[in-house]
Amino acid sequence: MDTKRVASRSPRVGRALEIASQQGVRGLAERLLRELYRRGNLAESGYPLAISDIADPSTVRLRRPDTRPERGTPLTIGWVTTPPGLGSGGHTTMLRMVEALEAAGHTCVIVLYDRHAGDPARHRAVIRQGWPGVKAEVRDISEGFDGLDACVATAWQTAHVLASRCDRPMEFLYLAQDYEPFFYPRGSDYALAEDSYRLGLRCITIGHMVANVLRAELGVEAAVAEFGCDTDVYSLTNTGAREGVVFYAKPGVPRRGYALVVAALAEFHQRHPEQTIHVFGLPAGELPFPAVRHDRLTPAELNELYNRTLAGFAISFTNISLVAEEMLAAGTIPVINDHPYARADLSNPYARWAPPTPSAMARALCEIVESPDAIARAAKAAQEVRKTLWRPAQETVVRVVEEEVYGAIAE
């Protein structure tokens, strides 16, 4: 292509080519994204909730049934969710609860809320591929809520959608896996996420941290489904030598501390250049240290990686990451930012807590890899992992959903 000729025809194209030659394609893409956000186009189209779907706690009126079905009658339970991607941890936890209700004799319906109007058939295929144990019907939000005895929201935007769109009498619940206002700076997103807990939906939290914050911040009481660990997949298979550290990268998710971890790993690499650094998760940008980058790993492949490494980062500034206990189950020692939120649901004595500064996090990682008892410590850490899987959490969700529909069992 004659770039000079193209540039002469369009100053904008010429400027784009100049940026690409100086900063690369990545630099050009970042400039374009910033410009789209500045103009409002991308921000509006990419916003996770349509303005028309915002529910106002002061005016919303949820319709509940006048009568209750007889206890033991099979129910039909809806789950409003965003379309899942393969490997999504939050969707995996939600779909574990779907499977539990199905195992209890109920029918489930997954109601997809897709702001980008994606192909429902493609989303359905992803669910069938990634979670083959789920039998639920999958429908688009435009198909409505017909035939449901109850419906469960699964994130702040789906709570608004359920409260604003559903005009049928049913019971309304909310599976809260984190306190989602903390995902945002103070502003409209924070306020809307906060309001999602004020809409009158019965809350079930994953772990105590979310329930504690709901009570302290909003005075909302919630049922607590205890954290589990998928020890059918994550377990100790290597009782020999280990080498290297692992980093779960989520650069677009502030609560996962990406910048802090990168800075800590850069310092760690200076002190231990012989240790391999493994990176998986979302694609990471330029890193100031050599790393082995892994494509999307299956749980079984992750377990194999955790059985080779000494330590890893499992950072979360809100609810504890499932990665922490999965690492422990395979003998990798997680370094976690020390905070009451993270400690609320992880009691394994081999987890390593560190102040969230690059130097403190790097020092914790160094102390783990320098320890002379790495093999024995890996085995002891795995032994301390809870062995209850997700059954107690599933039993809690089934019990609460049934109580909401049938009514509480008389004592």
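Residues numbered from 1 in each chain as written. Predicted model: local features only at pLDDT ≥ 70, side-chain atom pairs only at ≥ 80, totals over all residues. Heavy atoms only, no water.

**A word on the overall build of the chain**
- Helix and strand counts for the chain stand at 15 helices and 13 strands.
- Partitioning the intrachain contacts of the chain with sequence separation of at least 6 by distance along the chain shows that 68% fall at a separation of at least 24.
- A total accessible area of about 19,500 Å² is found for the chain, and carbon and sulfur atoms account for 51% of it. (Helix = DSSP H or I, 4+ residues; strand = E, 2+ residues; numbered from the N terminus. Contact = heavy atoms within 4.5 Å. Areas by Shrake-Rupley, 256 points an atom, 1.4 Å probe, with all protein chains shown as cover.)

**Points about the sheet that holds strand β6 (residues 202-206)**
- Taken in spatial order, the seven strands make up an open sheet running β3-β2-β1-β4-β5-β6-β7, and their pairing is parallel. Every interior strand has two partners, whereas the edge strands, β3 (137-140) and β7 (223-225), have only one. Taken over all neighbouring pairs, the strand axes of this sheet differ in orientation by 25° on average, direction set aside.
- With four bridges joining them, strand β2 (residues 107-112) and β3 adopt parallel strand pairing. Looking at β3, one finds that Leu112 is bridged to Asp140. (Pairing = 2+ DSSP bridges. Axes fitted to C-alpha atoms, helices over the stretch in contact; angles between N-to-C directions.)

**Some details on the side chain of Glu102**
- Assignment of secondary structure puts Glu102 in helix α4 (residues 89-103).
- Buried within the structure, Glu102 lacks any salt-bridge partner; its nearest side chain of opposite charge belongs to Lys135, at an N-O separation of 4.9 Å.
- Within the structure, Glu102 has its side chain in polar contact with the backbone nitrogen of Ala136 (distance 2.9 Å). (Buried < 20%, exposed > 50% of the residue type's maximum accessible area, 1.4 Å probe, protein only. Lys, Arg positive; Asp, Glu negative; His and termini not counted. Salt bridge = Lys/Arg side-chain N within 4 Å of Asp/Glu carboxyl O. Polar contact = N/O pair within 3.5 Å; in protein donor to acceptor, adjacent residues only side chain to side chain.)

**Here's the deal with the pairing of strand β1 (residues 76-81)**
- Of all six residues in β1, six are buried; the element is thus mostly enclosed.
- As paired strands, β1 and β2 are joined by six bridges and run parallel to one another. Bridge assignment links Val80 to a residue of β2, and that residue is Val111.
- After leaving β1, the chain enters α4 and then returns to the sheet as β2, a path that is right-handed.
- Pairing analysis gives four bridges linking β1 to strand β4 (residues 150-153), with the strands arranged parallel. Of the residues in β4, the one forming a bridge with Val80 is Ala153. (Right-handed = clockwise from strand over helix to strand, strands pointing away.)

**What to know about the packing of aromatic side chains**
- Enumeration according to the criterion identifies 11 aromatic pairs in this entry.
- With 5.6 Å between their ring centres and 25° between their planes, Phe182 and Tyr341 make a pair best called stacked. Remark: Tyr341 occurs in helix α12 (residues 340-343) and Phe182 occurs in the loop between β5 (171-176) and α7 (188-195); sequence separation between them is 159 residues.
- In textbook terms, an aromatic cluster arises when at least three aromatic residues are bridged by ring pairs, as seen for Tyr174, Tyr179, Phe182, Tyr197 and Tyr341.
- If you follow Arg255 out to its NZ or CZ, it ends over the ring of Phe183, 3.8 Å from the centre. (Phe/Tyr/Trp six-rings, centres within 6.5 Å; stacked < 30°, edge-to-face > 60°. Lys NZ or Arg CZ within 6 Å of the ring centre and 35° of its normal.)

**A short note on the environment of Leu282**
- Inspection of the secondary structure assignment puts Leu282 in the loop between β9 (277-281) and β10 (292-293).
- Given the relative accessible area of 42%, Leu282 is considered partly exposed.
- Those residues in contact with Leu282 that lie beyond four places of it in its chain are Ala249, Lys250 and Pro251.

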